[in-house]
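Descriptive structure summary
Given next are the chains, with one letter for each unit.
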Amino acid sequence: MKTFRIAVLPGDGIGPEVIAEAVRALRAVESGLDSVSFRLEEYPAGAGEYLKSGDPLPPETFERVRQADAILLGAMGLPDVRRPSGVEIAPQLDLRERLELYCGLRPVYLFHPSHSPLKNREAGEIDFVIVRESTEGLFSSRRQTLADHATEAADRMLITRAGAERVFHAAFAEARRRRRLLTLVDKANVLPSMAYFRKIFDEVSAAYPDVRTERVYVDAAALYLVGRPHTFDVLVTENMFGDILSDLAAALVGGMGMAPSADIGERHAVFQPAHGSAPDIAGRGIANPVAAILSTAMLLDWLGHAETRRGAEIIRRAAARVLADGRNRTRDLGGSLTGAEMGDRVIAAIEDGRP
Ligand code: ATP
């Protein structure tokens, strides 16, 4: 029996609500798997922890998390809990940087036509992945502090050769697992950092002649993602562009409650719904847990064991079956199910789908 240690960081706002459903789904799938089990270890982190102890990611939590086989995270940060510089505390970003989780994977999939604000889209027609560089780019200045009486502020778009190469290789590998089309999203016509990003992309692409590539400026990418989302397979971009486009992409398939994500490095990986702590709906039981449940499937895939991969497939099929029925909708999807009711349905489908 192989036991995987999974660190669970529920975090703030709706984080604990959606993680509760993800954990129930994980336990439901676990009982149908042969020779693997999961030891779940919950640790405190986030804005709540910052208010309590002054540290949103206490050293013990970080150490435990670093030793785990994988990390499942809810959501962190609250609008009123800010550092003296004025920015929100964001231990999920600290984790990405400290564990070098450079490859942010954001799959976008339309499960039911009614979830999309776009007209005449069929289920499965929107099906792409955004690969977001997650350790540098325009987020690299986020720790800078400004002098009290500063009269200007500037953030730096940091692109390093090593950082760009590794995320491009990850994106080409992702494209090889899918339909073999990779779109680079940049702003190479205006920013020298982005021209450099494109030059490295062109070099790396020579090693993948079997993957078709295209290059699109970020403003055009926003237009095309709305106008013809079905033409994309894998998109790769820098940190901030990826942040913005993944929210836009989530909107195409039902919103943040439908957007799973993974942040992957060489040795560690964090899996979390792409949404934040959503304080506007926290504590009401209405948060959609699908993104968290699908993130758990990504975690099982990443663990790389034949049985965990089978578990990932069982979760994905269960979610697809539930969502194919247009009546199974939480509030964000225009329905009336609570988060726990949605969780119940997915779990029933997992139990049905077990051999
Ligand atoms: P962050 O900056 O921390 O990523 P954000 O500002 O992007 O957060 P979110 O917390 O992701 O904001 O919320 C954006 C909107 O999506 C809010 O209206 C929120 O209620 C909604 N939302 C987010 N997650 C869910 C969910 N799981 N179910 C339903 N609605 C959600």
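Residues numbered from 1 in each chain as written. Predicted model: local features only at pLDDT ≥ 70, side-chain atom pairs only at ≥ 80, totals over all residues. Heavy atoms only, no water.

Let's shift gears to the overall build of the protein. If you tally the helices and strands in the protein, you get 11 helices and 10 strands. Its C-alpha atoms give the protein a radius of gyration of 20 Å, near enough to 20 Å, the size a compact globule of 355 residues would have. Counting all 355 residues of the protein, 54% fall into the buried class. In the protein, the proportion of contacts linking residues at least 24 apart, taken out of those at least 6 apart, comes to 74%. A total accessible area of about 15,200 Å² is found for the protein, and carbon and sulfur atoms account for 51% of it. Each charge sign in the protein was given a centre, from 44 positive and 49 negative side chains, and these centres are 3 Å apart. (Helix = DSSP H or I, 4+ residues; strand = E, 2+ residues; numbered from the N terminus. Rg over C-alpha atoms; globule rule 2.2 N^0.38 Å. Buried < 20%, exposed > 50% of the residue type's maximum accessible area, 1.4 Å probe, protein only. Contact = heavy atoms within 4.5 Å. Areas by Shrake-Rupley, 256 points an atom, 1.4 Å probe, with all protein chains shown as cover. Lys, Arg positive; Asp, Glu negative; His and termini not counted. Charge placed at Lys NZ, Arg CZ, Asp CG, Glu CD.)

Quick look at the sheet that holds strand β5 (residues 127–133) now. Within a beta sheet, neighbouring strands are joined by backbone hydrogen bonds and run either parallel or antiparallel to one another. With respect to topology, 10 strands assemble into an open sheet ordered β2-β1-β3-β10-β9-β4-β5-β8-β6-β7, the strand pairing being mixed. At either end of the open sheet lies a strand with only one pairing partner, and these are β2 (36–42) and β7 (212–217). Neighbour-to-neighbour, the strand axes of this sheet turn through a mean angle of 25°, independent of strand direction. As judged from the 3 bridges shared by strand β9 (residues 262–264) and strand β10 (residues 269–271), these two strands associate in the antiparallel manner. Bridging from a neighbouring strand, D263 pairs with V270 of β10. Sitting on the sheet, helix α4 (residues 91–98) is in contact with β1 (2–11), β3 (70–75), β4 (103–109), β5, β9 and β10, with an inclination near 155° to β3. Packing of helix α7 (residues 218–227) onto the sheet brings it into contact with β5, β6 (181–186), β7 and β8 (234–237), and relative to β7 it is tilted by some 110°. (Pairing = 2+ DSSP bridges. Axes fitted to C-alpha atoms, helices over the stretch in contact; angles between N-to-C directions.)

Compared with the 24 Å implied by 1.5 Å per residue over 17 residues, the 24 Å span of helix α5 (residues 161–177) between its first and last C-alpha is a close match. Of the positions making up α5, those classed as buried are G163, A164, V167, F168, A170, A171, F172, E174 and A175. Buried residues in α5 make contact with β4, β5, β6, α6 (192–205), β7 and β8. (Expected span 1.5 Å × (residues − 1).)

Below, the discussion takes up the domain arrangement of the protein. Domain assignment breaks the protein into domain 1 (1–100 + 266–355) and domain 2 (127–141 + 157–252). Surface buried jointly by domain 1 and domain 2 totals about 440 Å² across both partners, of which 50% is contributed by carbon and sulfur atoms. For the domain 1 face of the interface with domain 2, the top three residues by lost area are R96, E97 and E100, together amounting to 75%. Across the domain 1-domain 2 interface, the total number found is 1 salt bridge. Between E100 and R166 there is a salt bridge whose closest N-O contact spans 2.7 Å. (Domains from an automatic or database assignment. Buried area = accessible area lost by both parts, 1.4 Å probe. Salt bridge = Lys/Arg side-chain N within 4 Å of Asp/Glu carboxyl O.)

By secondary structure assignment, the location of T330 is in the loop between α10 (306–324) and α11 (339–353). Residue T330 is classed as buried on the basis of its relative accessible area, which comes to 0%. Beyond its immediate chain neighbours, meaning those up to four positions away, T330 contacts I286, N288, P289, G335, S336, L337, T338 and M342.

What follows deals with the pairing of β4. Within a regular strand, the side chains alternate between the two sheet faces. Within β4, 5 of the 7 residues are buried, which leaves the element mostly enclosed by the surrounding structure. Pairing of β4 with β5, which is carried by 7 bridges, proceeds in the antiparallel orientation. Bridging from a neighbouring strand, C103 pairs with E133 of β5. The pairing of β4 with β9 spans 3 bridges and is antiparallel. Bridge assignment links G104 to a residue of β9, and that residue is D263.

In the vicinity of the ligand, 13 residues are found, and the nearest of them are H275, G276, A278, D280 and N288. Contact distances for the ligand include 2.7 Å between an oxygen atom and a backbone N or O atom of G276. At 2.9 Å from an oxygen atom of the ligand is found a side-chain nitrogen or oxygen belonging to D280. Contact with the protein chains removes 63% of the 620 Å² of surface that the ligand exposes when unbound. In terms of residue class, the shell around the ligand is made up of 5 nonpolar, 5 polar and 3 charged. (Near = heavy atom within 4 Å. Polar contact = N/O pair within 3.5 Å; in protein donor to acceptor, adjacent residues only side chain to side chain. Nonpolar A, V, L, I, M, F, W, Y, C, P; charged D, E, K, R; others polar.)

What follows deals with the side chain of N239. Locating N239 in the fold gives a position in helix α8 (residues 239–252). Separated by 2.8 Å, the side chains of N239 and R132 make a polar contact. In this structure, N239 is in contact with R132, E133, S134, T135, E136, G137 and F139, ignoring residues within four places of it in sequence.

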